[in-house]
Amino acid sequence: MTGLKKAALAVSSVLGCFMLMNAAFGEPLLQEGKKSVYQRAVSHPNAVLYSTQDARQAIGKPRTFTSYYLFAKTPKMVQVGVSAEKPDGWLKVEDITEWPQAITMVFTDQMGRDPVLFFKDHEAVVKACESESIQKYMGQYVQLFANKARIPDNSPVIAAEPMGKEGQVSKNRFYLLPVTNIDTQFKESGTQLLEVASIDPGKGPASAKEGSERREGAPNNNTQPVPDKFKTGITFVIDTTISMKPYIDQSVEVVKKIFDELQKSPAKNDVEIAVVAFRSNMQKSPGIGYTTKVISDFKGINQRQDLERLLRQVKEATVSTHAFDEDSYAGVKDAVDQLSWNKFNSRVILLLTDAGPLKEGDPTSRTGMSAEGLADYLREHNIYLTALHIKAPSGKKDHDYAEKAYRELSKMSNNRSSYIDVKVKNHEEGAKQFEAVSRMLASTYRNVVESTNNGRILDKPKQEEKKGASPEERAKQIAELTGYAMQLQFAGAKNRTEAPQVVKAWIADSDLAALEQNPNDAPIPAVYPAVLLTKTQLSLLRKQLKSIIETAEEAFLRDTENFNFYEQLISAAAQMSLNFACTLYL
């Protein structure tokens, strides 16, 4: 077995090694039916830790969302510890949520999906899934909460995700939806049922003064900055290799016409444009001039002449790159890293290329990233990317690979891709399509800005892709979907919109009405899983992974019978278990 194969096996089993080693140091309660998985819980805001189970002597206030092991239980109290080694004290039962799955969920962007409904019990959510018309059944409760009507005492739905003018819960607002139970009976139909709690540390008057007692890494939601105005930044990331001359020439006209249209709009000072160019690896083809280049940071209507002048100076490469695929991922990553995005709450990239990206791990790729990894990087920075892929006859062999990669790169939270392919006979025809798509995207985003700053929430856009839609029509739909999502994010941040406060409830992890309407389409996720880590735990994880990588590299370099990879791995795991008290369950 090679060192690399040994490394792959090690990564899949190393967390198990840590769990078994830590079990020797303490005896938390085991989960029912499990031999090595401990019971866990997470603390609520304003929880108090006591020295004994009679709750007479308080010894401190744990930070909100502290993750605990459970050592003992009484009807009113639980004995808890932050590590599996020993208990730290007692908490009241009402101040914790048991967390057997060690998974938390986050709302996806409301990109046309229905808001999440919280059902009072398992029976209620199953009844919804089995109703004759899911859309009608769910719709009555969505309307009830949208109208802020009184909720009947016998209602099967006890809460709903914020919607409409309230906006969506901001990505900057810290909340937790810990999963306490999972039902997979409808998994083949496209959804799972989750029992969750919903906790917001910014909820209630006490939270503002919680201060130093807040969980490490959890921001005080009451002090998060409130955005003043909705502003959009649009970046063109353009392939400037030898075949792209018609598009480069057209880009000047594209930007000129976007600014001309913007000049007539009340949003003229709220939309700016940037341009980044990319080619490929310079060591393989020194004559290409650069791998990436920031042509211009964001320029607004008053700086349009500067941007147009800079664009006129852009020329195509004079020599061919080393392969048909180009380093488009480097162009996208530099656009994320090097441009001034901070002033925008609406962030958009239009990627233009006629070639696929260099593959993950390709030594000529400057980032070495995969489509999935770069897509996560974009989401982390709240940037929406649309890929405009020119399919010219010269690249026919590359089309399938490139489409798959760019669909993954541009995948949105609704499980659809912000991908537009343009089939052309020649590049002059493609350049005209580039102009039409770019102007449509810019025009639609400009309308979103105008509506938002006038206090008007757009109508919920349709999710379904129109069959036979032109690239221009597709661009309009993509901009409406992403613009609506960004508009709700802005409204949520401005209104300090909170997650629903429920102790326990059941939800579906997909949009049930959409599943009923389009059973053959991919499910539209309503929530996605996340890992709750403190800065200390994140540092520990980094050290764990670094140790694994170093051991794997040594195994690869010393792939001999005298080097026992597993002995080295177990030694590294044992050392970490001695040095760090907590174990991560990811």
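See the structure printed just above.
Let me sum up the structure you'll find in this document. The shown structure was predicted, so the numbers you read here are calculated from the model rather than taken from an experiment.

1. Examining the packing of helix α4 (residues 245-263) against helix α9 (residues 427-453)
Item 1. Put simply, α4 and α9 touch, their axes get as near as 9 Å, and they point 25 degrees apart. Taken together, the axis directions place α4 and α9 in an arrangement best described as roughly parallel. For the crossing formed where α4 meets α9, the hand is right-handed. In contact with P246, Y247, Q250, S251, E253, V254, K257, I258, E261 and L262 of α4, α9 contributes H427, E428, G430, A431, F434, E435, S438, R439, A442 and R446.
Item 2. Of the residues belonging to the contact of α4 with α9, the class tally is eight nonpolar, five polar and seven charged.

2. Observations regarding the pattern of salt bridges
Item 1. Tallied over the full model, the rule gives 30 salt bridges.
Item 2. Measuring nitrogen to oxygen at the nearest pair gives 3.3 Å for the salt bridge that ties R439 to E435. Placement of both R439 and E435 in helix α9 is noted, with a separation of four residues, approximately one turn of the helix.
Item 3. E435 gets classed as buried once you look at its relative accessible area, which sits at 11%.
Item 4. Through salt bridges with shared partners, one network takes in E253, K257, E261, E435 and R439.

3. Here we look at the nonpolar core
Item 1. Among the nonpolar cores identified, the biggest contains 52 residues, and F236, L352, L388 and F434 are the most heavily contacted of them.
Item 2. With nine residues, the top contributor of residues to this core is α9.
Item 3. With sequence-adjacent residues up to four places away left out, L388 is seen in contact with L350, L351, L352, T353, I420, V422, F434 and V437.
Item 4. Ranked by size, the runner-up nonpolar core spans 27 residues in total, among them F278, V332, L339 and A405.

4. Some points on the packing of α4 against helix α5 (residues 304-312)
Item 1. In contact at an axis separation of 9 Å, α4 and α5 are set at 170 degrees when each is read in the N-to-C sense. As far as their axial angle goes, α5 and α4 are roughly antiparallel. α5 is crossed by α4, and the crossing has right-handed handedness. Touching S251, V252, V255, K256, F259 and D260 of α4 are R304, L307, E308, L311 and R312, all from α5.
Item 2. Its residues assigned to classes, the contact of α4 with α5 comprises five nonpolar, one polar and five charged.

Rules used throughout
- Residues numbered from 1 in each chain as written.
- Predicted model: local features only at pLDDT ≥ 70, side-chain atom pairs only at ≥ 80, totals over all residues.
- Heavy atoms only, no water.
- Axes fitted to C-alpha atoms, helices over the stretch in contact; angles between N-to-C directions.
- Helix = DSSP H or I, 4+ residues; strand = E, 2+ residues; numbered from the N terminus.
- Parallel < 35°, antiparallel > 145°, perpendicular 65-115°, else oblique.
- Left-handed = near helix turned anticlockwise from the far one by under 90°.
- Contact = heavy atoms within 4.5 Å.
- Nonpolar A, V, L, I, M, F, W, Y, C, P; charged D, E, K, R; others polar.
- Salt bridge = Lys/Arg side-chain N within 4 Å of Asp/Glu carboxyl O.
- Buried < 20%, exposed > 50% of the residue type's maximum accessible area, 1.4 Å probe, protein only.
- Core = buried A, V, L, I, M, F, W, Y, C linked by side-chain atoms within 4.5 Å.

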